[in-house]
Amino acid sequence: MKRLKTIITQVAMATALLMGAPSAHAQTDSVAANAPAHRSLKPIALADDSVRIDGEQLLAVDTTALSVIDSASVRHKRNWSTWRPSPKRALWMALVLPGAGQIYNRKYWKLPIIYGGFVGCAYAMRWNNMMYRDYSQAYLDIMDNDPTTESYNQFLHLGTQITEANKARWQEIFRKRKDRYRRWRDMSFFVMVGVYAFSVIDAYVDASLSEFDISPDLSLNIAPAVLNANPSQDPLSHAAIGLQCSLSF
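Note that the structure is predicted; figures quoted are calculated from it, not measured.

Draft legend 1. Seen up close, the side chain of lysine 110. By the secondary structure assignment, lysine 110 is in the loop between α4 (100-104) and α5 (111-143). With relative accessibility at 12%, the residue lysine 110 sits in the buried group. Side chain to side chain, lysine 110 and aspartate 206 meet in a polar contact 3.2 Å long. When residues no more than four places from it in sequence are discounted, the contact partners of lysine 110 are Gln102, Asp202 and Asp206.

Draft legend 2. Structural context of the packing of aromatic side chains. This structure, assessed with the given rule, holds 10 aromatic pairs. Here tryptophan 83 and tyrosine 104 contribute two aromatic rings whose centre-to-centre distance is 5.5 Å and whose plane-to-plane angle is 85°, an arrangement assigned as edge-to-face. Of this pair, tryptophan 83 sits in the loop between α2 (55-76) and α3 (87-96) while tyrosine 104 sits in helix α4, and the two are 21 residues apart along the sequence. Tyrosine 104 shares its class with tryptophan 83; the two are buried. An aromatic cluster of at least three residues, connected via ring pairs, comprises Trp127, Tyr135, Tyr152, Phe155, Trp170, Phe174, Tyr181 and Trp184. It is lysine 178 that lies over the ring of tyrosine 139; its NZ or CZ is 5.5 Å from the centre.

Draft legend 3. Local environment of the side chain of asparagine 105. Looking at the secondary structure, you find asparagine 105 in the loop between α4 and α5. The class of asparagine 105 is buried, set by a relative accessible area of 7%. Residues in contact with asparagine 105, not counting those within four places in the same chain, are Pro85, Ala90, Ala203, Asp206 and Ala207.

Draft legend 4. View of the packing of α5 against helix α6 (residues 167-208). Where α5 meets α6, the axes come as close as 8 Å, and the angle between the chain directions of the two elements is 160°. With respect to α6, the element α5 is oriented roughly antiparallel. Relative to α6, α5 is oriented so that their crossing is left-handed.

Draft legend 5. Quick peek at a nonpolar patch on the surface. A contiguous nonpolar patch, built from Trp92, Leu95, Val96, Leu97 and Tyr115 and spanning about 540 Å² of accessible area, is present on the exposed surface. When residues in the nonpolar patch are grouped by element, the largest group, 3 residues, is from α3. By the secondary structure assignment, tryptophan 92 is in helix α3.

Draft legend 6. Broad picture of the nonpolar core. Core analysis: the biggest nonpolar cluster contains 12 residues, these being Met131, Tyr132, Tyr135, Ala138, Tyr139, Ile142, Tyr152, Phe155, Leu156, Trp170, Phe174 and Tyr181. Looking at this core element by element, the count peaks at 6 residues for α5. Discounting chain neighbours no more than four positions away, the residues touching tyrosine 132 are Lys178, Tyr181, Arg182 and Arg185. Among the nonpolar cores identified, the runner-up in size contains 7 residues, and Trp83, Ala90, Tyr104 and Ala203 belong to it.

Draft legend 7. Examining the environment of glutamate 172 more closely. Position of glutamate 172 relative to the elements: it lies in helix α6. Classification of glutamate 172 by relative accessible area gives partly exposed; the value is 34%.

Draft legend 8. A look at the packing of α3 against α6. Two numbers describe how α3 lies on α6: the axes approach to 8 Å, and their chain directions differ by 165°. Between α3 and α6, the angle is such that the two are roughly antiparallel. Read as a crossing pair, α3 and α6 show a hand that is right-handed. Two secondary-structure elements touch here, α3 through Pro87, Ala90, Leu91, Ala94 and Leu95 and α6 through Tyr196, Ser199, Val200, Ala203, Tyr204, Ala207 and Ser208.

Draft legend 9. Structural detail: the pattern of salt bridges. Inspection of every chain in the model, using the stated rule, returns 8 salt bridges. The residue aspartate 206 makes a salt bridge to lysine 107 at a minimum N-O spacing of 2.9 Å. Separated by 99 residues along the polypeptide, aspartate 206 in helix α6 and lysine 107 in the loop between α4 and α5 bring together distant segments of the chain. Since its relative accessible area comes to 15%, aspartate 206 is described here as buried. Owing to a relative accessible area of 27%, lysine 107 belongs among the partly exposed residues under this scheme. A salt bridge links aspartate 179 to arginine 175; its shortest N-O distance comes to 3.4 Å. Placement of both aspartate 179 and arginine 175 in helix α6 is noted, with a separation of 4 residues, approximately one turn of the helix. A residue is classified by how much of its surface remains accessible, and aspartate 179, at 16% relative accessible area, is buried. The exposure class of arginine 175 is partly exposed, given its relative accessible area of 29%. Here the residues in one salt-bridge network are Glu172, Arg175, Lys178, Asp179 and Arg182, joined through shared partners.

Each value, and the rule that gives it
Residues numbered from 1 in each chain as written. Predicted model: local features only at pLDDT ≥ 70, side-chain atom pairs only at ≥ 80, totals over all residues. Heavy atoms only, no water. Helix = DSSP H or I, 4+ residues; strand = E, 2+ residues; numbered from the N terminus. Buried < 20%, exposed > 50% of the residue type's maximum accessible area, 1.4 Å probe, protein only. Polar contact = N/O pair within 3.5 Å; in protein donor to acceptor, adjacent residues only side chain to side chain. Contact = heavy atoms within 4.5 Å. Phe/Tyr/Trp six-rings, centres within 6.5 Å; stacked < 30°, edge-to-face > 60°. Lys NZ or Arg CZ within 6 Å of the ring centre and 35° of its normal. Axes fitted to C-alpha atoms, helices over the stretch in contact; angles between N-to-C directions. Parallel < 35°, antiparallel > 145°, perpendicular 65-115°, else oblique. Left-handed = near helix turned anticlockwise from the far one by under 90°. Patch = residues over 30% accessible without salt bridge, like charges linked within 9 Å, V, L, I, M, F, W, Y side chains within 5 Å. Areas by Shrake-Rupley, 256 points an atom, 1.4 Å probe, with all protein chains shown as cover. Salt bridge = Lys/Arg side-chain N within 4 Å of Asp/Glu carboxyl O. Core = buried A, V, L, I, M, F, W, Y, C linked by side-chain atoms within 4.5 Å.

Listed below in structure tokens is the structure:
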């Protein structure tokens with residue numbers, strides 16, 4: 001009985017091997033037949049509406065993509081020869097940061113003038129404020145009766161002394177100098193505000209005039225002319241010689 005089962009098992013295995021061999025050979029042949037098709041780039045005709053993929057078409061696609069990228073980069077590049085600033089943007093930039101409007105308008109040569117004005121006004125305001133404080137303290141010292149407070153002596157010339165005879169005159173001198181330096185300090189502040197306002201106005205006006213026509217066609221001609229106030233009467237008796245101005249644009 002066991003021998004019979006063994007024989008049946010061997011027959012079934014042999015039958016399975018014989019049936020699977022042709023399919024394996026068929027798969028091998030199909031792979032071998034398809035392999036050259038994958039390695040070659042020859043065109044394959046599918047039907048009337050066929051698609052051809054070859055090296056020339058791939059090169060054409062790459063060239064088209066590069067041309068699209070180049071056109072996009074050219075389109076985003078700003079042409080400075082025809083660019084005109086916006087007056088509103090220049091105004092807001094100058095309000096936020098002094099000198100930013102001039103940078104936006106590409107007028108860089110104005111920056112030393114503006115920042116030089118700010119630095120000069122700041123220095124003048126600081127120096128005048130220091131002198132005002134010193135003379136204020138000296139004026140307070142010369143007005144009191146405390147002999148230990150004599151800071152005003154550092155402002156006197158060598159050998160000059162303040163006595164009861166000239167004390168009133170020196171008190172008036174120190175008061176005027178104190179008020180003078182205070183006035184100059186306040187003036188320095190207002191001049192700084194003026195420089196700030198000038199930078200804002202200049203940025204706005206410069207941007208507004210960027211589109212102003214300054215072509216050579218604009219000309220002013222001045223020529224002598226004979227003026228006749230009353231042409232109905234004698235032109236010789238009522239004529240006058242003058243200058244005639246004409247504006248051509």
